[in-house]
Amino acid sequence: MVARGECGDKNVRVYAFYLPGKGIRAFFNGDFPDYILEHAASVGLIGKKERVELVKALEG
């Protein structure tokens, strides 16, 4: 899920993922940990383990 919202006076984007065995995890403004990038690459969502590429794939 990709959502947009406000936190105080700043606009933020929230990226939520369901991870089997771990539940739902949310990350703000594309600050993804390495394991999210690795998983996205392993399932073919992205070609390179890069934050910018994942954001483009998620937001279309």
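A brief structural summary. This one's a predicted model, so the numbers in the text were calculated from it and none came from an experiment.

**Here's the deal with the pairing of strand β3 (residues 23–28)**
Reasoning step 1: Where strand β2 (residues 10–19) meets β3, six bridges bridge the pair, whose relative direction is antiparallel. Bridge pairing in β3 links Ala 16 to Ala 26.
Reasoning step 2: Counted along the chain from β2 to the antiparallel partner β3, the turn is three residues long, and its residue Gly 21 has a positive phi close to 85°.

**Comments concerning the packing of aromatic side chains**
Reasoning step 1: What the rule picks out here adds up to four aromatic pairs.
Reasoning step 2: A centroid spacing of 6.0 Å and a plane angle of 55° characterise the contact between Phe 17 and Phe 27, whose relative ring orientation is tilted. One end of the pair, Phe 17, is in strand β2; the other, Phe 27, is in strand β3, and ten residues separate them in sequence.
Reasoning step 3: An angle of 80° between the planes, with centres 5.9 Å apart, marks the rings of Phe 17 and Phe 32 as edge-to-face. Of this pair, Phe 17 sits in strand β2 while Phe 32 sits in the loop between β3 and α1 (34–42); the two residues are 15 residues apart in sequence, bridging distant segments of the chain.

**Quick word on the pattern of salt bridges**
Reasoning step 1: Across all of its chains, the model carries one salt bridge by this definition.
Reasoning step 2: Ionic pairing is found between Glu 59 and Arg 13, a salt bridge with its closest N-O pair at 2.3 Å. Separated by 46 residues along the polypeptide, Glu 59 in helix α2 (residues 51–59) and Arg 13 in strand β2 bring together distant segments of the chain.
Reasoning step 3: The class for Arg 13 is partly exposed, based on a relative accessible area of 28%.

**Some details on unusual backbone geometry**
Reasoning step 1: Non-glycine residue Asn 29 carries a positive phi angle of around 55°.
Reasoning step 2: Take Asn 29: it is sitting in the loop between β3 and α1.

**Side note on the environment of Ile 46**
Reasoning step 1: Considering the arrangement of structural elements, one finds Ile 46 in the loop between α1 and α2.
Reasoning step 2: When neighbours within four sequence positions are excluded, Ile 46 is seen to be in contact with Leu 37, Ala 40, Ala 41, Glu 53, Leu 54 and Ala 57.

Scoring rules and cut-offs
- Residues numbered from 1 in each chain as written.
- Predicted model: local features only at pLDDT ≥ 70, side-chain atom pairs only at ≥ 80, totals over all residues.
- Heavy atoms only, no water.
- Pairing = 2+ DSSP bridges.
- Helix = DSSP H or I, 4+ residues; strand = E, 2+ residues; numbered from the N terminus.
- Phe/Tyr/Trp six-rings, centres within 6.5 Å; stacked < 30°, edge-to-face > 60°.
- Salt bridge = Lys/Arg side-chain N within 4 Å of Asp/Glu carboxyl O.
- Buried < 20%, exposed > 50% of the residue type's maximum accessible area, 1.4 Å probe, protein only.
- Contact = heavy atoms within 4.5 Å.

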